[in-house]
Amino acid sequence: MSNWEEKKHLITRNLQEVLGEEKLTEILKQRDLKLYWGTATTGRPHVAYFVPMSKIADFLKAGCEVTILFADLHAYLDNMKAPWELLALRTQYYEAAIKAMLQSIDVPLDKLKFIRGTEYQLNKEYTLDVYRMTSVITDHDARKAGAEVVKQVDHPLLSGLLYPGLQALDEEYLKVDAQFGGVDQRKIFTMAEKYLPQLGYAKRIHLMNPMVPGLTGGKMSASEEDSKIDLLDNPANVKKKLKKAFCEPGNITENGVLSFTKHVVFPLFKPGEFFKISRAPEFGGDIEFSNFDDLESAFAKQEVHPGDLKASVEQAINRLLGPIQEIFKDPKLQELAKKAYPPPTKVKGNISPVVDEITPSKLDIRVGRIVDVSRHPDADALYVEKIDLGEAEPRTVVSGLVNFVPIEEMKNREVVVLCNLKPAKMRGVESKGMVLCASIDDPKQVEPLSAPEGSKPGDRIVVENYETGEPDDVLNPKKKVWDKLQVDLKTNDSLLAVWQGNKLINKINGNPVTTKSMKNAPIK
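Each chain has its residues counted from 1, running along the sequence as written. Side-chain atom pairs in this predicted model are given and counted only at pLDDT of 80 or more, local residue features only at pLDDT of at least 70, and totals for whole chains, interfaces and linings cover all residues. With hydrogens and water excluded, all non-hydrogen atoms of the structure serve as input to the side-chain values.

Turning our attention to the overall build of the protein. Within the protein, the secondary structure is distributed over 16 helices and 23 strands. For a compact globule of 524 residues, the expected C-alpha radius of gyration is about 24 Å, and the protein comes in at 26 Å, within 12% of that figure. Projected onto its principal axes, the C-alpha coordinates of the protein cover approximately 75 × 70 × 55 Å. Type-normalised accessible area, obtained with a 1.4 Å probe on protein chains alone, sets the label of each residue: buried when under 20%, exposed when over 50%, and partly exposed for intermediate values. The burial tally for the protein puts 50% of its 524 residues in the buried class. Helix and strand definitions here come from DSSP, where helices need a minimum of 4 consecutive H or I residues and strands a minimum of 2 consecutive E residues; each element is numbered from the N-terminal end. Atoms counted for the radius of gyration: C-alpha only. Globule rule: 2.2 Å times the number of residues to the power 0.38.

Here it is as structure tokens:
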């Protein structure tokens, strides 16, 4: 294997997709590659960040010039995930955390270039190019590009539409040949390939990591506590979270524990190192693996027990986190962490601040039975329903379901209703609730959620693992409580309604809220 071929192997190994592979080969035959990886400075970095870190180690071994972008402006544009007043603090935290992670895996920092987005994204030339980009990109393409990256809400801010265009321009202003990111960025990458040439700039190479499953089986997310291990989690917390991790015997497809060994543990091994799994003598004794394929095959054949795999991954994670936690013993970094990620609080008079977390327990969701339904007198697409919610009198609720559910199917139907939205007039009729539905836009389909089996009007619907706490009397529209919670409500592959992977259930009998036919659809 020639030198450029060895470099290409290191650059592309474990990637899911490469756009522009021919250009990559051409460059490597002449010189080393210049690339960048960007991270929006939003939620706290967690162990999943070791996946791109291990690839950065590969890039450096291949002689690449690597720039790490702390995308602070992007963090604000993405539905204000990082409030403006916390932006600088979170960027400082990210820089400290990412550098500590790289040191943990022996990546020399002197070979990396670190830059913050606001160092160049506010200059005259870049700002002019943002305007030029908005003059060629369509609203449809901007929405489509950000669909898997920018937080999706019912009434998106204009800032979220700017986000993909800025990420495309970063490739030009960082003077790189390639951008590296997760496959969830693919639509932004293809948008960049389409629109940068329209501004007179070169099309770049795009290197994409697969999306590694989180410990609960879905995407590892900073917003889903049990799906991720924080960089500062102590060994007891690591053990606790791994104990809950989804790791079904023989399942090698949605196995976050197994994926972590593939994308982090094995790539960091030096020649001659092995992944050791400790087992009792009666179960075959200790076993070592020099490559991931052999481990995956043994797990698929159930020759390796999930508990033994978790124990070995637990040791590997603690080895990675140890050096980071030593660095973060610095009082200045501990203070930075507190300031960058303060708990949300509310203060009443002289009472000490208390945590005011926005959790699903704030939602007053109940089972209802439609006892009467008619067409809205002034709106062809709206029904006016009288819904029994276990109260003294049925509530009036207005729903835009005329084009999706025949009126005869609405009568006596059991539905799931959000009851504590602020009442709103819809074409002159006051609506005091919202019938929750699964909904997709292309083609437009809407289906009311089905009440759990054995339910009766008034039964409370809660999110599993969030059963405690009383709902707010009325959701505060200024705090956008419903908007922030709704974005994580959807149906899953099993036709169950979930919030961040946790089922919506009848609080009394535990039966789940379902949908008849709509998989992976937002709930609105």
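Resuming the write-up.
So, about the sheet that holds strand β5 (residues 178–182). Criterion used throughout: strands pair if DSSP finds at least two bridges between them. Ordered in space as β1-β6-β5-β2-β3-β4, the six strands form an open sheet in which the pairing is mixed. Of all strands in the sheet, those with a lone pairing partner are β1 (17–19) and β4 (112–116), marking the two edges. Sheet twist, expressed as the mean angle between neighbouring strand axes with direction ignored, is 20°. Bridge analysis of strand β2 (residues 34–40) against strand β3 (residues 65–71) gives seven bridges, and the strand direction is parallel. Bridging from a neighbouring strand, Trp-37 pairs with Ile-68 of β3. Whenever a helix is involved, its axis is fitted only over the stretch in contact; in every case the axis is a line through C-alpha atoms, and angles between N-to-C directions fall within 0 to 180 degrees.

Between helix α8 (residues 158–173) and helix α9 (residues 186–195), whose axes approach to 9 Å, the crossing angle comes to 65°. Handedness of the crossing formed by α8 with α9: right-handed. Where α8 approaches α9, its residues Tyr-163, Pro-164, Gly-165, Gln-167, Ala-168 and Glu-171 are matched on the opposing element by Ile-188, Phe-189, Met-191 and Ala-192. Each residue is assigned to one of three groups, with Ala, Val, Leu, Ile, Met, Phe, Trp, Tyr, Cys and Pro labelled nonpolar, Asp, Glu, Lys and Arg labelled charged, and all others, Gly among them, labelled polar. Taken together, the residues of the contact of α8 with α9 break down into seven nonpolar, two polar and one charged. Put simply, a crossing is left-handed when the front helix is turned counterclockwise from the back one by less than a right angle, and right-handed when it is turned clockwise. By definition in these notes, contact holds between two residues if any of their heavy atoms fall within 4.5 Å.

Quick look at the side chain of Asp-230 now. As for its position among the elements, Asp-230 is in the loop between β6 (205–209) and α10 (235–244). Excluding anything up to four places from it in sequence, Asp-230 contacts Arg-44, Pro-45, His-46, Lys-241 and Leu-321.

Even without a glycine there, the phi angle at Gln-302 is positive, about 60°. Tracing the sequence through the fold places Gln-302 in the loop between α12 (292–300) and α13 (306–327).

Close inspection of predicted coordinates is inappropriate in any region flagged by low pLDDT. A residue's pLDDT is the predictor's confidence in that residue, given on a scale from 0 to 100. In the predicted model, the protein carries a mean pLDDT of 87, and 91% of its residues have values of at least 70. Throughout residues 346–355 the model reports pLDDT below 50, and contacts reaching past four residues in sequence, or to other chains, amount to nine contacts.

On to empty space enclosed by the protein, then. Cavities and pockets were defined on a 1 Å grid built from protein atoms only: a cavity is a group of points that admits a 1.4 Å probe but offers it no way out, a pocket is an open group of points flanked by protein on both sides within 12 Å along at least five of seven lines, and a lining residue is one with an atom within 4 Å of any such point. Grid points are joined across faces, edges and corners, and a volume is the space filled by probe spheres set on the points. Overall, the coordinates contain one cavity of 30 Å³ or more when judged by the stated rule. Of the volumes computed, that of the largest cavity is approximately 50 Å³. Taken together, Pro-360, Ser-361, Leu-363, Ile-365, Arg-460, Ile-461, Val-462, Val-463 and Tyr-466 form the lining of the largest cavity. The element that contributes the greatest number of residues to the lining of the largest cavity is strand β20 (residues 460–463), accounting for four residues. Classifying every residue of the lining of the largest cavity gives seven nonpolar, one polar and one charged.

Here a pair means two rings of Phe, Tyr or Trp (six-membered ring of Trp) with centres within 6.5 Å. Their orientation is stacked below 30 degrees between planes, edge-to-face above 60, and tilted elsewhere. In total, this model carries ten aromatic pairs according to the counting rule given. Plain terms: the ring middles of Phe-266 and Phe-275 are 5.7 Å apart, the flat faces sit at 50° to each other, and that makes the pair tilted. You can call Phe-275 buried: its relative accessible area is 3%. Relative to Phe-292, the ring of Phe-266 has its centre 6.1 Å away and its plane inclined at 75°; by these criteria the two rings are edge-to-face. Here Phe-266 is found in the loop between α11 (256–265) and β7 (275–277), whereas its partner Phe-292 is found in helix α12, with 26 residues between them in sequence. Phe-292 shares its class with Phe-266; the two are buried. What links up through ring pairs into an aromatic cluster is the set Phe-266, Phe-269, Phe-275 and Phe-292. Counting as a charge over the ring demands two things of the Lys NZ or Arg CZ atom: a distance within 6 Å of the ring centre and an angle within 35 degrees of the ring normal. Seen from the ring of Phe-114, Lys-99 lies directly overhead, with NZ or CZ sitting 4.7 Å from the centre.

Moving on, we get to helix α5 (residues 87–104). Expected span, for any helix, means 1.5 Å times one less than how many residues it has. Given a rise of 1.5 Å per residue, 18 residues ought to cover 26 Å, and the 26 Å separating the end C-alpha atoms of α5 matches this to within 8%. Burial runs high along α5: 13 of the 18 residues are buried. A positive phi of about 65° marks Asp-106, the residue just after α5.

Of the two faces of β20, both are covered, the one formed by Arg-460 and Val-462 as well as the one formed by Ile-461 and Val-463. Relative to β20, strand β11 (residues 365–375) runs antiparallel, the two being bridged by two bridges. Among the inter-strand pairings, Ile-365 is bridged to a residue of β20, identified as Ile-461. With three bridges joining them, β20 and strand β23 (residues 502–506) adopt antiparallel strand pairing. Each residue of the ladder has a partner; that of Val-463, found in β23, is Leu-504.

Turning our eyes to something else, we now look at the layout of surface pockets. Approximately 430 Å³ is the volume found for the second largest pocket. Contributing to the lining of the second largest pocket are 18 residues, with Val-265, Phe-269, Glu-273, Ala-316 and Arg-319 lying nearest its centre. Every element with two or more residues in the lining of the second largest pocket is listed here: α11, β7 and α13. Sort the elements by how many residues they give to the lining of the second largest pocket and α13 lands first, with five residues.

Where charged atoms from two side chains of opposite charge come close, those side chains can pair. In what follows, salt bridge is the name for a side-chain nitrogen of Lys or Arg lying within 4 Å of a carboxyl oxygen of Asp or Glu. Under the definition given, this model contains 26 salt bridges. Residues joined by salt bridges that share partners form a network here, namely Asp-364, Arg-366, Glu-391 and Arg-395.

Next up on the list: the nonpolar core. In this structure, Leu-33, Phe-50, Ile-56, Leu-207, Leu-295 and Leu-309 are the most contacted members of the largest nonpolar core, which totals 72 residues. Here the element with the most residues in this core is α5; it accounts for eight residues. Those residues in contact with Leu-207 that sit more than four places away from it in its chain are Ile-11, Leu-15, Glu-17, Val-18, Leu-33, Leu-35, Phe-59, Ala-178, Gln-179, Phe-180, Gly-181 and Phe-189. Joining through side-chain atoms within 4.5 Å is the link that ties buried Ala, Val, Leu, Ile, Met, Phe, Trp, Tyr and Cys residues into a set, and such a set is a nonpolar core. Ranked by size, the runner-up nonpolar core spans 26 residues in total, among them Leu-69, Tyr-163, Leu-174 and Leu-196.

The next point concerns the environment of Ala-62. With respect to the helices, strands and loops of the structure, Ala-62 is situated in the loop between α3 (50–61) and β3. Sequence spacing of Ala-62 and Leu-28 is 34 residues, and the spatial spacing of their C-alpha atoms is 9.8 Å. Dropping the residues within four chain positions of it, Ala-62 is found in contact with Lys-7, Leu-10, Ile-11 and Asp-32.

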